[in-house]
Amino acid sequence: MADQQEASVTLPSEPASVPTARRFVAEVLGGWGLDDAAETADAIRIIVSELATNAVLHTLGQSPTFTVDVRLEREERLLIGVTDSHPRLPRRLPAAVQQDNGRGMVIIRSLAAEAGGRLSFTPTAEGGKTVWITLPWTPAPLASR
């Protein structure tokens, strides 16, 4: 196996792209050996949904597309990044009881930490940013079929 495997998809910045992003990541990771029924797969689906939703909702119409990158490095480390062209970094908002939103980054950080991973941000050369989740690669054995 190669030292690094990569896959990416660029999608329109619209709500209908969120499930597409989630399916894309699930299919890539399944191809790399992650059982879709594994607990880690559930956490990754939620993380991707939250990151893609943020890229759609919080770019204020300034990012017509977003890109989802998936990388597996030396079968040890999984990186998932969502890139948009808006320069503002995500903020963790206080989760007041009355709020209908603002909890996505808290959810993402919690799920990443629970899986032994971390959240980070990098600016892009074009003035946007990528929000990265880095997780240890621990695929569950595929169930017998």
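Bear in mind that the values here come from a model prediction, so they are computed numbers and not experimental data. (Residues numbered from 1 in each chain as written. Predicted model: local features only at pLDDT ≥ 70, side-chain atom pairs only at ≥ 80, totals over all residues. Heavy atoms only, no water.)

A.B. asks: Could you clarify how one ought to interpret the pattern of salt bridges in this entry?
C.D. replies: For side chains bearing opposite charge, pairing can occur when the charged atoms are close. On inspection of all chains with the given rule, the structure shows 5 salt bridges. Between D36 and R45 there is a salt bridge, with the nearest N and O atoms lying 2.6 Å from each other. In this structure D36 comes out as partly exposed when scored by relative accessible area, which is 47%. R45 is paired through a salt bridge with D42; the nearest N and O atoms lie 2.2 Å apart. Taken together, the positions of R45 and D42, both in helix α2 (residues 39-57) and 3 residues apart, correspond to about one turn of that helix. (Salt bridge = Lys/Arg side-chain N within 4 Å of Asp/Glu carboxyl O. Buried < 20%, exposed > 50% of the residue type's maximum accessible area, 1.4 Å probe, protein only. Helix = DSSP H or I, 4+ residues; strand = E, 2+ residues; numbered from the N terminus.)

A.B. asks: Explain the pairing of strand β2 (residues 65-73) to me, please; I cannot follow it from the model alone.
C.D. replies: Looking along a regular strand, one sees the side chains alternate between the two faces of the sheet. In terms of burial, β2 is largely enclosed, as 7 of its 9 residues are buried. Direction of pairing for β2 relative to strand β3 (residues 77-84): antiparallel, over a ladder of 8 bridges. Bridging from a neighbouring strand, V70 pairs with I80 of β3. Following β2, the chain reverses through 3 residues before pairing antiparallel with β3; R74 in that reversal takes a positive phi of roughly 50°. (Pairing = 2+ DSSP bridges.)

A.B. asks: Help me understand the packing of α2 against helix α3 (residues 104-114), please; the structure alone is not making it clear to me.
C.D. replies: Helix-helix packing is characterised by the crossing angle of the two axes and by the distance between the axes. Two elements in contact, α2 and α3, have axes whose closest approach is 10 Å; the angle formed by their N-to-C orientations is 150°. The orientation of α2 relative to α3 falls into the category roughly antiparallel. Judged by the sense of rotation from one axis to the other, the crossing of α2 with α3 is left-handed. Residues E39, A43, I46, I47, E50, L51 and N54 of α2 touch α3, and the partners they reach there are G104, M105, I107, I108, L111, A112 and E114. The class makeup of the residues in the contact of α2 with α3 is 9 nonpolar, 2 polar and 3 charged. (Axes fitted to C-alpha atoms, helices over the stretch in contact; angles between N-to-C directions. Parallel < 35°, antiparallel > 145°, perpendicular 65-115°, else oblique. Left-handed = near helix turned anticlockwise from the far one by under 90°. Contact = heavy atoms within 4.5 Å. Nonpolar A, V, L, I, M, F, W, Y, C, P; charged D, E, K, R; others polar.)

A.B. asks: I tried to follow α3 on my own but got confused; where do I start?
C.D. replies: Quick reminder: α-helices carry 3.6 residues per turn. Residues three or four places apart thus point the same way. All buried positions along α3 are accounted for by G104, M105, I108, L111 and A112. Each buried residue of α3 lies within a common arc of 135° when the element is viewed along its axis, so the set occupies one face. Looking at α3, the residues exposed on the side facing more than 90 degrees away from the buried face are A113 and E114. Where α3 is buried, its residues touch α2, β4 (118-123) and β5 (129-136). Remark: G116 follows α3 within two positions and exhibits a positive phi of approximately 85°. (Arc of directions from axis to C-beta.)

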